[in-house]
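Spelled out from the first residue to the last, the chains are:
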Amino acid sequence: MATPGLRDIPLLPGSPRRLSPRAVVRGDQGPKHEQQYLKVPGPRAQGLRGTSTRESGQPSGGGSSHSCSVINNYLDASEQVSSEARLSRMHFHDNQRKVDYVLAYHYRKRGAHPGHALAVISNGETGKDPRAGAPGDIDLGPLDALEEERKELREEFEHNLMEAGLELEKDLESKSQGSVFVRIHAPWQVLAREAEFLKIKVPTKKMYEIKSEGSIAKTFNKVLQKLSSPLKPRVPEHTHSRMKNLSYPFSREKMYLYNIQDKDTFFDNATRSRIVHEILKRTTCSRANNTMGINSLIASNVYEAAYPLHDGEYDSPGDDMNDRKLLYQEWARYGVFYKFQPIDLIRKYFGEKIGLYFAWLGLYTSFLIPSSVIGVIVFLYGCATIEEDIPSKEMCDQQNAFTMCPLCDKSCDYWNLSSACGTARASHLFDNPATVFFSIFMALWATMFLENWKRLQMRLGYFWDLTGIDEEEEHSRPEYETKVREKMLKESDKSVVQKLGTSTTEGEDEDDDDKLTWRDRFPGYLMNFASILFMIALTFSIVFGVIVYRITTAAALSLNKATRSNVRVTVTATAVIINLVVILILDEIYGAVAKWLTKIEVPKTEQTFEERLILKAFLLKFVNAYSPIFYVAFFKGRFVGRPGSYIYVFDGYRMEECAPGGCLMELCVQLSIIMLGKQLIQNNIFEIGVPKLKKLFRKLKDETEPGEADSAHSKHPEQWDLDYSLEPYTGLTPEYMEMIIQFGFVTLFVASFPLAPVFALLNNVIEVRLDAKKFVTELRRPDAVRTKDIGIWFDILSGIGKFSVISNAFVIAVTSDFIPRLVYQYSYSHNGTLHGFVNHTLSFFNVSQLKEGTQPENSQFDQEVQFCRFKDYREPPWAPNPYEFSKQYWSVLSARLAFVIIFQNLVMFLSVLVDWMIPDIPTDISDQIKREKSLFVDFFLKAEHEKLRLMEERPRRSPGAGRRSRGSPTASPAPSGRSQLGSSLSSGSQHTNV
């Protein structure tokens with residue numbers, strides 16, 4: 001069966017054979033066919049010029065009213081892998097037109113004979129196989145209804161793309177099943193039109209020297225550049241260049257401003273693909289109820305994928321170099337971990353959005369270096385002063401013989417405090433006065449990091465010409481369009497029913513019909529609210545379940561004499577591992593749930609969808625990652641009760657207590673294992689192992705499917721085949737989320753784990769190269785997105801930085817013994833030292849007052865026990881109010897609250913002071929922006945005067961031709977290039993306006 005809609009295209013033999021050096025070719029299976037070409041009329045779009053005949057290889061016919069283009073070219077397999085055809089891996093098969101974008105889809109047919117053919121569709125309608133109807137012709141086979149509908153949608157969409165001026169090349173569907181790639185090329189006139197529409201900034205002819213700094217700063221920069229030269233990647237850098245082009249939004253009426261030497265290379269590959277992607281997003285399809293954009297068609301499985309091509313292979317042999325290969329050699333390998341990132345090249349290849357992410361990640365990693373150094377110093381200070389710590393010495397002194405109350409009912413015996421000597425000494429490594437200083441430093445560090453990022457962002461925005469750009473127009477998402485269409489259908493049904501005798505204000509109805517109101521979204525909002533509450537409750541329930549596990553396991557292990565001595569270590573280690581496994585599992589679940597909940601809301605644009613998804617995912621993952629840590633830091637041991645009046649979770653199982661040295665050591669263990677385990681497992685398994693398994697599975701699937709690829713393509717695949725086998729790009733949200741959670745580990749509880757920045761730094765050194773390798777080698781090339789900042793992520797970072805001040809204040813005041821030691825030293829100590837501090841923190845309890853059935857059974861304690869000790873500030877049994885809170889308790893509590901208030905206000909004040917002292921915009925960048933504006937005004941006026949002078953001189957040289965030349969497109973010679981004819985429209989409008 002022939003392709004529908006292609007029967008009326010005449011076959012014109014004798015066309016010139018420019019696309020192939022051979023006149024006679026052989027198909028995969030079949031007789032020889034003489035190579036022939038089909039000619040079709042040019043595009044029927046209003047206001048658009050067709051493809052130039054020079055560009056398509058056709059002679060300029062003087063008597064034809066249509067510009068004709070080659071649309072069919074048949075090549076055999078051997079010719080496609082020849083040395084000449086190898087040049088076309090990034091081009092159409094004419095080796096001239098560059099492939100700017102690729103659409104891919106899969107088809108299935110019945111009764112098709114194997115064969116190979118290529119259809120070059122260039123600004124015309126889809127070509128018919130010239131061999132149709134001949135002996136041995138290709139039977140395309142019947143299609144089912146769904147496949148037929150998809151085919152018609154593709155034909156209409158591709159026709160609309162050609163109406164918009166794009167040029168297409170695709171393979172004919174000559175097998176029973178397979179993948180078809182539609183290659184898209186944007187000619188100059190389309191690039192110029194869309195660049196003007198999108199207000200893309202391009203360099204002008206004017207270059208100026210960037211103003212250098214003062215003599216001291218200049219000398220310092222020179223020394224710094226020499227010292228850091230071994231760390232620089234060997235790529236062309238533009239950020240630190242002394243010269244810079246003035247940039248101005250592209251305009252076809254001001255072509256004389258730009259230095260257009262070659263129209264094929266004036267717009268780089270990322271810009272070309274961005275322009276094509278914009279056309280793909282706004283092209284409609286009437287058969288699909290005017291569905292707008294390629295995203296809607298991909299969602300409907302009309303197409304499988306749409307992506308721009310990579311710049312060749314990254315591991316190709318030979319000396320030929322492209323940007324992808326350069327990025328791989330100088331950035332995306334673990335062997336160059338010590339080098340700086342080539343941010344300008346990353347931005348050029350992937351676009352501004354991804355460039356800003358890697359710039360942010362690089363700055364964050366570099367800022368971890370000073371915090372790591374200070375953290376190591378604080379840890380070494382704890383190691384150096386551990387022998388001088390008086391409380392740990394008293395606790396380890398066996399002569400003191402503090403007899404402690406049992407840790408559980410019946411099975412637990414009395415015990416000596418000296419048996420917890422190791423825990424007490426280890427706690428001093430992190431619970432010392434230096435941690436208070438480190439907490440203040442890290443709060444200021446977070447502020448300085450954010451301020452420096454704002455400065456770097458402005459600096460990059462200046463060099464990348466992002467200053468003053470407008471937000472790009474966002475197209476509606478396919479799901480939003482579907483919901484609006486359903487709403488309009490319901491409204492139309494209601495209006496038909498109520499049509500008789502009704503007259504309503506149509507303007508308001510139209511406004512309500514073409515958008516979703518809060519009433520339409522209310523069920524989605526209600527589901528979001530209920531689901532998020534359920535997920536948070538689920539997380540808290542799991543934390544409570546782990547608490548129950550700790551309590552029951554501790555009680556069970558205490559029954560056995562062999563395991564009784566290691567109860568606390570065993571319970572803590574196993575509980576932390578359980579928490580880690582649960583966090584990793586729930587992370588994946590919550591990511592999928594957040595995406596589902598965001599889809600229910602039906603946001604209108606992709607940006608709104610992404611922001612709402614980020615907020616939900618961050619909220620759920622924040623609660624999931626930090627709930628066990630918050631429990632240990634602020635709740636464990638606070639609701640235990642006292643001997644004789646314990647608080648029980650279940651019958652016989654009472655709430656767990658902190659270790660004798662406090663909960664800070666356990667908080668450190670919990671934080672370190674969760675942080676390190678999360679980083680190691682997610683990096684090694686989820687980011688490395690899972691993509692490799694997916695790639696292997698896809699490769700095996702392609703090999704087992706019949707008819708998927710012929711031998712020639714499998715041996716020498718085209719670039720679009722190679723890119724199609726890569727993983728699709730899904731956004732930067734997972735990368736940002738991983739780093740944001742790590743930023744929380746580094747800042748929120750740094751008082752309990754000063755080595756957190758060190759482990760974060762080691763992880764990030766690997767993470768930068770891991771992400772780089774993933775983007776360069778494992779993912780399809782993302783669409784270049786132009787943006788000025790990192791968006792909502794900066795607000796999340798700022799919120800974490802402010803919340804870290806409060807959390808660290810409470811960790812120091814509540815979890816550590818810093819405040820009780822200060823109160824004792826300056827209020828209760830006889831000699832101003834910490835001698836007697838341990839005895840001061842322990843209260844007495846009369847063991848005869850233990851409840852019946854809770855006394856230790858078969859006590860093996862060496863001596864008769866009359867009083868046991870427990871850690872709390874309570875009155876002794878012989879006091880008038882036994883076991884009530886003592887005045888020391890209230891003194892310590894008031895001191896803790898006072899410290900929280902003072903610490904929070906002091907750090908907040910210092911943060912505001914740092915924010916005020918560091919301007920958001922660097923002074924030199926601010927001056928350069930002002931200077932650039934004045935330089936551009938001078939350049940613009942000078943160029944206008946020069947243009948007017950040339951136009952006034954031409955009528956004098958050729959009298960009588962002034963009027964004709966002024967309206968002619970050839971009055972001002974266009975820049976050289978093979979698409980010169982395509983720019984005649986812009987040149988003509990330029991002269992008319994002047």
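If you're wondering where the values come from, they're calculated on a predicted model, not measured in any experiment. (Residues numbered from 1 in each chain as written. Predicted model: local features only at pLDDT ≥ 70, side-chain atom pairs only at ≥ 80, totals over all residues. Heavy atoms only, no water.)

## Details of the overall build of the protein chain
When you go through the protein chain residue by residue, the secondary structure sums to 32 helices and 21 strands. Per element, the accessible surface of the protein chain, about 47700 Å² overall, is 58% carbon and sulfur. (Helix = DSSP H or I, 4+ residues; strand = E, 2+ residues; numbered from the N terminus. Areas by Shrake-Rupley, 256 points an atom, 1.4 Å probe, with all protein chains shown as cover.)

## Comments concerning the environment of S827
Relative to the assigned elements, S827 resides in helix 27 (residues 818-828). The class of S827 is exposed, set by a relative accessible area of 51%. C-alpha of S827 to C-alpha of S891: the two residues are 64 residues apart in sequence and 9.4 Å apart in space. (Buried < 20%, exposed > 50% of the residue type's maximum accessible area, 1.4 Å probe, protein only.)

## Here's the deal with the packing of helix 19 (residues 567-601) against helix 20 (residues 606-635)
Put simply, helix 19 and helix 20 touch, their axes get as near as 9 Å, and they point 155° apart. One element, helix 19, and the other, helix 20, form an angle in the roughly antiparallel class. Remark: the crossing between helix 19 and helix 20 carries right-handed chirality. Taken together, the residues of the contact of helix 19 with helix 20 sort by class into twelve nonpolar, four polar and seven charged. (Axes fitted to C-alpha atoms, helices over the stretch in contact; angles between N-to-C directions. Parallel < 35°, antiparallel > 145°, perpendicular 65-115°, else oblique. Left-handed = near helix turned anticlockwise from the far one by under 90°. Nonpolar A, V, L, I, M, F, W, Y, C, P; charged D, E, K, R; others polar.)

## Comments concerning the pattern of salt bridges
With the rule as written, the count across this model stands at 33 salt bridges. Here E610 ties to K353 by a salt bridge, and the two come within 3.2 Å at their closest N and O atoms. Residue E610 is found in helix 20, and its partner K353 is found in helix 11 (residues 352-384); the two are separated by 257 residues along the sequence. Using a relative accessible area of 26% as the deciding quantity, one classes K353 as partly exposed. Across the salt bridge formed by E656 and R550, the nearest N and O atoms sit 3.1 Å from each other. Separated by 106 residues along the polypeptide, E656 in the loop between strand 19 (653-654) and helix 21 (664-704) and R550 in helix 17 (residues 518-558) bring together distant segments of the chain. When salt bridges with common partners are traced through the structure, they connect R550, K636, E656 and E666 into a single cluster. (Salt bridge = Lys/Arg side-chain N within 4 Å of Asp/Glu carboxyl O.)

## Topic: the state of the cysteines
Applying the stated rule across the entire model yields three disulfides. Through a disulfide, C396 is tied to C421; the S-S separation comes to 1.8 Å. Its torsion about the S-S bond being 95°, the disulfide of C396 and C421 is classed as right-handed. Taken together, the positions of C396 in helix 12 (residues 390-396) and C421 in helix 13 (residues 421-428) put the pair 25 residues apart, joining distant regions of the chain. The disulfide that involves C405 links it to C868, with 1.9 Å between the sulfurs. Because the sign of the S-S torsion sets the handedness, a value of about 80° for the bond joining C405 and C868 places this disulfide among the right-handed ones. (Disulfide = S-S within 2.5 Å.)

## With respect to the side chain of D389
Relative to the elements of secondary structure, D389 occurs in the loop between helix 11 and helix 12. Reaching out from D389, the side chain makes a polar contact with the side chain of S392 at a distance of 2.9 Å. Discounting chain neighbours no more than four positions away, the residues touching D389 are H428 and R821. (Polar contact = N/O pair within 3.5 Å; in protein donor to acceptor, adjacent residues only side chain to side chain. Contact = heavy atoms within 4.5 Å.)

## Some words on the nonpolar core
Judged by nonpolar contacts, the single largest core of 168 residues is most densely connected at L103, F250, W360, Y364, Y626 and F749. No other element matches helix 20, which puts 16 residues into this core. Aside from chain neighbours lying at most four places away, what touches L103 is F157, L161, V180, F181, V182, I184, L280, I294, Y303, A305 and A306. M90, V99, F181 and A305 belong to the second largest nonpolar core, which has eleven residues in total. (Core = buried A, V, L, I, M, F, W, Y, C linked by side-chain atoms within 4.5 Å.)

## What about unusual backbone geometry?
In this structure, N95 is a non-glycine residue whose phi angle is positive, near 60°. N95 gets classed as partly exposed once you look at its relative accessible area, which sits at 26%. Here the phi dihedral of Y883 falls at roughly 65°; this positive angle occurs in a residue that is not glycine. Among the secondary structure elements, Y883 is positioned in the loop between strand 21 (867-871) and helix 29 (887-917).

## Here we look at the packing of aromatic side chains
Considering all chains together, one arrives at 58 aromatic pairs under this definition. Taking 6.5 Å as the distance between ring centres and 55° as the angle between the ring planes, the aromatic pair formed by W331 and F350 counts as tilted. Within this pair, whereas W331 is found in the loop between helix 9 (323-330) and helix 10 (343-350), its partner F350 is found in helix 10, the two being separated by 19 residues in sequence. Exposure class is identical for W331 and F350. Each is buried. Sitting above the plane of the Y349 ring, R781 keeps its charged end 3.8 Å from the centroid. (Phe/Tyr/Trp six-rings, centres within 6.5 Å; stacked < 30°, edge-to-face > 60°. Lys NZ or Arg CZ within 6 Å of the ring centre and 35° of its normal.)

## Examining a nonpolar patch on the surface
Together, L231, F337, Y338 and F340 make up an exposed nonpolar region whose accessible area comes to about 390 Å². Positionally, Y338 belongs in the loop between helix 9 and helix 10. (Patch = residues over 30% accessible without salt bridge, like charges linked within 9 Å, V, L, I, M, F, W, Y side chains within 5 Å.)

## Some words on the pairing of strand 5 (residues 101-108)
Extensive coverage of strand 5 is indicated by the burial of six of its eight residues. Strand direction decides the pairing type here: strand 5 and strand 13 (residues 305-307), joined by three bridges, are antiparallel. Paired with L103 across the bridge in strand 13 is A306. (Pairing = 2+ DSSP bridges.)

## A word on the packing of helix 20 against helix 24 (residues 733-748)
Remark: helix 20 packs on helix 24, axes separated minimally by 11 Å, with the N-to-C direction vectors making an angle of 40°. When the axes of helix 20 and helix 24 are compared, the crossing they make is right-handed. The residues of helix 24 that touch helix 20, namely those facing E610, I614, A617, F618, K621, F622, A625, Y626 and I629, are T733, M737, I740, I741, G744, F745 and L748. Taken together, the residues of the contact of helix 20 with helix 24 sort by class into twelve nonpolar, two polar and two charged.

## Quick notes on the confidence of the model for the protein chain
Of the residues in the protein chain, 77% reach a pLDDT of 70 or more, and the chain-wide mean stands at 76. Mean pLDDT per element in the protein chain: strand 1 (residues 24-26) is the minimum at 30, and helix 11 is the maximum at 93. Scored below 50 in pLDDT, residues 124-140 makes 49 contacts in the model with residues more than four places away or belonging to other chains. (pLDDT = per-residue confidence, 0-100.)

## What to know about the environment of E601
In this fold, E601 is placed in helix 19. Within polar-contact distance, the side chain of E601 engages the side chain of R612 at 2.8 Å.

## Concerning helix 9
Across the eight residues of helix 9, six count as buried, placing the element largely inside the fold. Turning to helix 9, its buried residues are D323, R324, K325, L326, L327 and E330. Lining the buried residues of helix 9 we find helix 10, helix 23 (719-724) and helix 25 (756-778). You can read the cap of helix 9 off the contacts: a side-chain oxygen lies 3.0 Å from the backbone nitrogen of R324, and it is on N322.

## Notes on the pairing of strand 8 (residues 177-185)
Most of strand 8 is tucked away, with nine of its nine residues classed as buried. In strand 8, alternate side chains face the same way, and those of Q177, S179, F181, R183 and H185 on one face and G178, V180, V182 and I184 on the other are all buried. Pairing between strand 7 (residues 167-171) and strand 8: four bridges, direction antiparallel. Looking at strand 8, one finds that E169 is bridged to R183.

## Considering helix 3 (residues 145-163)
An ideal rise of 1.5 Å per residue puts 27 Å on 19 residues; helix 3 measures up with 27 Å between its terminal C-alpha atoms. Taken together, the buried positions of helix 3 are E147, R150, K151, L153, R154, E156, F157, E158, L161, M162 and E163. G165, located one to two residues past helix 3, shows a positive phi value of around 105°. (Expected span 1.5 Å × (residues − 1).)

## Let's talk about the environment of S804
Position of S804 relative to the elements: it lies in helix 26 (residues 792-815). Residues S804 and A443, 361 residues apart in the sequence, show an inter-C-alpha distance of 7.0 Å. Discounting residues that sit within four places of it in the chain, S804 has contacts with T747 and L748.

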